[in-house]
Every structure is written in C-alpha cells, then in structure tokens.
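What the coordinates show
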Amino acid sequence: GGGSDEAAGASGREYVCDGILGEVGRASGALRGVPCSILHGRHDVVCPPQAASRLRAAWPGSTLRIVEEGAHALFEKPMRSAAMAALAEHQAALGVHSSGCGQSKRRRMDRRAG
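These figures come from a predicted structure and were not determined experimentally. (Residues numbered from 1 in each chain as written. Predicted model: local features only at pLDDT ≥ 70, side-chain atom pairs only at ≥ 80, totals over all residues. Heavy atoms only, no water.)

**A closer look at the overall build of the protein**
Our working rule: Helix and strand definitions here come from DSSP, where helices need a minimum of 4 consecutive H or I residues and strands a minimum of 2 consecutive E residues; each element is numbered from the N-terminal end. Think of it in three bands: residues with accessible area under 20% of the maximum for their type are buried, residues over 50% are exposed, and the middle band is partly exposed, with areas taken using a 1.4 Å probe on protein chains only. Throughout, the Shrake-Rupley method with a 1.4 Å probe supplies accessible areas, and for residues the shown protein chains are the sole cover considered.
When helices and strands are tallied, the protein shows 5 helices and 2 strands. Reading the secondary structure of the protein in the N-to-C direction produces α-α-β-α-β-α-α. Looking at the protein as a whole, 21% of its 114 residues are labelled buried. Accessible surface computed for the protein: about 8100 Å², of which carbon and sulfur atoms make up 58%.

Structure representation (structure tokens):
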C-alpha cells in the first residue's frame, strides 16, 4: 500500500530539512547580520513547521512569518505576496529602492504594441 511511499516521502523531507539546517548551522557565524525572512505556509505539507522554527533559531537575526493561507510553493499567491512584502521590507531597511523592473518591461511591451 501507500504506507511505505508515505514513510519514504516523510524521511526524504526530513533529510532535506535536516541538510539545510545543518548547512545553516555551520554557516551561522557568517550569516549573522545577513537579513533573512523565513516564510512558512500554514498548509505546507512538504516541510514541517518545526523545520521553519529550527531554521529561525539557527540563523541569527532572521525572522519567521507563518503565511496563514500559504502552502509550500512560491508561485501560489499567498506565498508570493508574502515574499514580495518581505523583499520590500528588506529593501527599505537597507535603503535600496526598487529598480522598477516590472514597470520598464511593461513600458517596452506597450511601445512594441503601439
């Protein structure tokens, strides 16, 4: 049945999460002061919420946000919106202004169409 497939999937997820956590733990000194927003979807079935909490604890100065309507994929609107908001916050904190890439691309497309 599906039991062994489910167990294999769970152990694979744990391996990935533990691998990432191990890498972050080894680099925690270098990561100190590097801005990091950890976004975790409430409905994420790929990575458990405990992994996000452990990642937050391993990365000095990081923040953790639970995206209530989010799951795992960045292409889903709740996660994408949370990521865009986090990027805007980091830009503001660093004094960086948006390059307006989307706007210039839109202008180029409008010129071609007109």
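**What to know about the environment of L39**
Rules: Contact criterion: two residues are considered in contact whenever any of their non-hydrogen atoms come within 4.5 Å of each other.
Along the chain, L39 turns up in strand β1 (residues 37–41). Classification of L39 as partly exposed rests on a relative accessible area of 24%. The spacing of L39 and R65 is 26 residues in sequence and 5.1 Å in space, taken between C-alpha atoms. Excluding anything up to four places from it in sequence, L39 contacts R65, V67, M79, A82 and A83.

**Points about helix α3 (residues 49–58)**
Threshold: Picture the helix axis, draw a direction to every C-beta atom, and the arc is the one those directions span.
Among all positions in α3, only A51, A52 and L55 are buried. The arc that holds the buried residues of α3, viewed along the axis, is 100°, so those residues lie on one side. Exposed and facing more than 90 degrees away from the buried side of α3 are Q50 and A57.

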